[in-house]
Amino acid sequence: MQDVVQHTPKHGWARWVQQASAAILRVERLALMLLMGALTLTILLNVVTRYSGVPIYWVDEAAVYLVVWLCFVGASAMTRLRLDFAVTLLTDYLGERMARRVKALATAGVLIFGLAMLAMCWLWMDPVGIARYGFDAREYAAESFNFLYTERTQTLNWPTWLVQLILPLFALGFSTHAAANLVEDLGLQPRAAIVGFDLGSAEETVN
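All values derive from a computational prediction rather than experimental measurement. Numbers given for residues are sequential positions, taken from 1 along each chain in its written order. Only residues with pLDDT of at least 70 are given local features in this predicted model, and only at 80 or more are side-chain atom pairs given and counted; all residues enter the totals for whole chains, interfaces and linings. Processing note: side-chain calculations cover all non-hydrogen atoms of the structure and skip hydrogens and water entirely.

*Asks:* Where do I start with the overall build of the protein in this structure?
*Replies:* Tallying secondary structure elements over the protein gives nine helices and zero strands in all. Each helix corresponds to a stretch of at least 4 residues labelled H or I by DSSP, and each strand to a stretch of at least 2 residues labelled E; elements are numbered beginning at the N terminus. Counting from the amino terminus, the protein carries its helices and strands in the arrangement α-α-α-α-α-α-α-α-α. Think of it in three bands: with a 1.4 Å probe and only protein chains considered, a residue is buried below 20% of the maximum accessible area for its type, exposed above 50%, and partly exposed in between. Looking at the protein as a whole, 34% of its 207 residues are labelled buried. Here, two residues are considered to be in contact whenever any of their heavy atoms come within 4.5 Å of each other. Taking as baseline every contact in the protein between residues at least 6 positions apart, the subset at least 24 positions apart corresponds to 74%. Counting every atom, the protein has about 13,500 Å² of accessible surface; 68% of that belongs to carbon and sulfur. Accessible areas in this description were obtained via Shrake-Rupley with a 1.4 Å probe; residue shielding takes into account the shown protein chains only.

As structure tokens, then:
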């Protein structure tokens with residue numbers, strides 16, 4: 001009991017990472033259901049309008065963007081669910097302790113990739129830069145040659161940055177999930193139970 005009391009405050013930050021990951025995963029679960037529902041309705045709308053001879057021209061583009069968002073949100077959730085594929089050719093020949101270390105090293109690589117992508121999105125979207133120009137997209141583009149905030153989608157006529165906002169959101173969720181996986185792989189916290197996803201032994205099946 002004494003060891004548990006001493007261990008908890010020492011790695012309290014690791015527990016916070018797990019909680020942040022769990023909160024993001026709940027949002028992603030809801031987003032997946034909404035996106036899948038919207039995609040189904042969009043496809044049905046497309047079929048009905050085409051067969052009735054009055055196709056809606058923007059439906060195809062909306063379906064594409066829904067699929068893109070669905071893929072990125074799903075990929076982020078799969079990282080926390082540990083449903084990403086793994087090549088175990090090396091770890092199968094290692095001892096249990098060394099295999100855990102190699103697995104933690106691989107998870108650290110995933111985290112580094114997520115953080116690098118997050119930094120890239122920050123530089124690309126440059127929220128500080130456009131704020132400096134009073135959110136005037138044209139003036140900002142003229143000075144920075146970054147035309148992200150002036151472009152619009154072809155048929156929906158939505159701002160392009162709104163559609164591509166999935167990239168920094170994915171990078172944030174992906175990095176948080178990777179950090180939660182890492183603290184578990186390092187033994188800083190026990191593996192948290194995943195609520196809301198009926199996985200069974202999916203991790204063992206995939207990996």
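*Asks:* Please explain unusual backbone geometry as it appears in this structure.
*Replies:* Both trends apply: most residues other than glycine have a negative phi, and most peptide bonds are in trans. One non-glycine residue, Phe 145, lies in positive phi territory at about 60°. Among the secondary structure elements, Phe 145 is positioned in the loop between α6 (137–144) and α7 (160–163). A residue is classified by how much of its surface remains accessible, and Phe 145, at 65% relative accessible area, is exposed. The backbone phi angle of Asn 157 is positive, close to 60°, even though this residue is not glycine.

*Asks:* Explanation requested: the packing of helix α2 (residues 12–51) against helix α8 (residues 166–185) in the structure shown.
*Replies:* Helix-helix packing is described using two parameters, namely the angle between the two axes and the distance between the axes. Fitted lines through C-alpha atoms give the axes, limited to the stretch in contact for helices. The angle between two N-to-C directions lies from 0 to 180 degrees. The geometry of α2 relative to α8 is characterised by a closest axis approach of 9 Å and an angle of 135° between their N-to-C directions. Put simply, α2 runs oblique to α8. Considering how the two elements wind past one another, α2 and α8 form a crossing that is left-handed. Residue-level contacts link Trp 13, Ala 14, Val 17, Gln 18, Ala 20, Ser 21, Ile 24, Leu 25 and Glu 28 of α2 to Gly 173, Thr 176, His 177, Ala 179, Ala 180, Val 183 and Glu 184 of α8. For this scheme, ten residues count as nonpolar: Ala, Val, Leu, Ile, Met, Phe, Trp, Tyr, Cys and Pro. Four count as charged, namely Asp, Glu, Lys and Arg, and the remainder, Gly too, count as polar. Here the residues of the contact of α2 with α8 are counted per class, giving nine nonpolar, five polar and two charged. Orientation labels follow simple angle bins: below 35 degrees gives roughly parallel, above 145 gives roughly antiparallel, 65 to 115 gives roughly perpendicular, and whatever is left gives oblique. Should the near helix be turned anticlockwise from the far one by less than a right angle, the crossing is left-handed, and should it be turned clockwise, the crossing is right-handed.

*Asks:* Teacher, can you tell me more about the packing of aromatic side chains here?
*Replies:* One pair of aromatic rings is described through two measures. These are the centre distance and the angle between the planes. Classification of ring pairs uses Phe, Tyr and Trp, with its six-membered ring standing for Trp, and accepts pairs whose centres are within 6.5 Å; under 30 degrees between planes counts as stacked, over 60 as edge-to-face, and the remaining range as tilted. Tallying each qualifying case throughout the model produces six aromatic pairs. On the numbers, 6.3 Å between centres and 45° between planes, the contact of Tyr 149 with Trp 161 is tilted. Of this pair, Tyr 149 sits in the loop between α6 and α7 while Trp 161 sits in helix α7; the two residues are twelve residues apart in sequence, bridging distant segments of the chain. Classification of Trp 161 by relative accessible area gives partly exposed; the value is 30%. An aromatic cluster is defined as three or more aromatic residues linked by ring pairs; in this entry it consists of Phe 72, Phe 113, Phe 170 and Phe 174.

*Asks:* Can you help me understand the side chain of Thr 49 in this one?
*Replies:* Relative to the helices and strands, Thr 49 is located in helix α2. For Thr 49, a relative accessible area of 8% puts it in the buried group. Polar contact is defined as a pair of N or O atoms within 3.5 Å, subject to the rule that within protein one atom must be able to donate a hydrogen and the other to accept it, and that residues adjacent in sequence are counted only when both atoms are side-chain atoms. Separated by 3.1 Å, the side chain of Thr 49 and the backbone oxygen of Asn 46 make a polar contact. Excluding its chain neighbours within four sequence positions, the residues that come into contact with Thr 49 are Val 54, Pro 55 and Ile 56.

*Asks:* Just to check I follow, could you spell out the confidence of the model for the protein for this structure?
*Replies:* Close inspection of predicted coordinates is inappropriate for parts of the model with low pLDDT. The predicted model of the protein averages 87 in pLDDT, with 89% of residues at 70 or higher. In predicted models, pLDDT denotes the confidence assigned by the predictor to each residue on a 0 to 100 scale. Within the protein, no element has a lower average pLDDT than helix α1 (residues 2–10), which sits at 44, and none a higher one than α8, at 96. Considering only residues more than four positions removed or in separate chains, one finds that residues 1–9, a stretch of pLDDT under 50, has two contacts.

*Asks:* Would you explain the packing of helix α3 (residues 59–81) against α8 in this entry?
*Replies:* Taken N-terminus to C-terminus, the directions of α3 and α8 make an angle of 10°; their axes are 8 Å apart at the nearest point. The orientation of α3 with respect to α8, classified from their angle, is roughly parallel. Contact residues: Trp 69, Phe 72, Val 73, Ala 75, Ser 76, Ala 77, Thr 79 and Arg 80 in α3; Ile 166, Leu 167, Leu 169, Phe 170, Gly 173, Phe 174, His 177, Ala 178, Ala 180, Asn 181 and Glu 184 in α8. Considered class by class, the residues forming the contact of α3 with α8 number twelve nonpolar, five polar and two charged.

*Asks:* It is not clear to me how the nonpolar core should be interpreted in this structure. Could you clarify?
*Replies:* In a soluble, globular protein the nonpolar side chains are often hidden away together inside. To form a nonpolar core, buried Ala, Val, Leu, Ile, Met, Phe, Trp, Tyr and Cys residues must be joined to one another through side-chain atoms within 4.5 Å. Judged by nonpolar contacts, the single largest core of 18 residues is most densely connected at Leu 32, Leu 35, Leu 39, Leu 70, Val 73, Met 117 and Leu 167. Counting residues per element, the ones that place at least two in this core are α2, α3, α4 (96–125) and α8. Tallying contributions element by element places α3 first for this core, with six residues.

*Asks:* Where do I start with the pattern of salt bridges in this structure?
*Replies:* Pairs can form between side chains of opposite charge whenever their charged atoms are close. By definition here, a salt bridge exists when the distance from a side-chain nitrogen of Lys or Arg to a carboxyl oxygen of Asp or Glu is within 4 Å. Within the structure shown, the criterion is met by four salt bridges. With a closest N to O distance of 2.8 Å, Arg 50 and Asp 60 form a salt bridge. You can see Arg 50 sitting in helix α2 and its partner Asp 60 sitting in helix α3, a full ten residues away along the chain. We classify Arg 50 as partly exposed; its relative accessible area is 49%. Counted as one network, the salt bridges with shared partners bring together Arg 80, Arg 82, Glu 184 and Asp 185.

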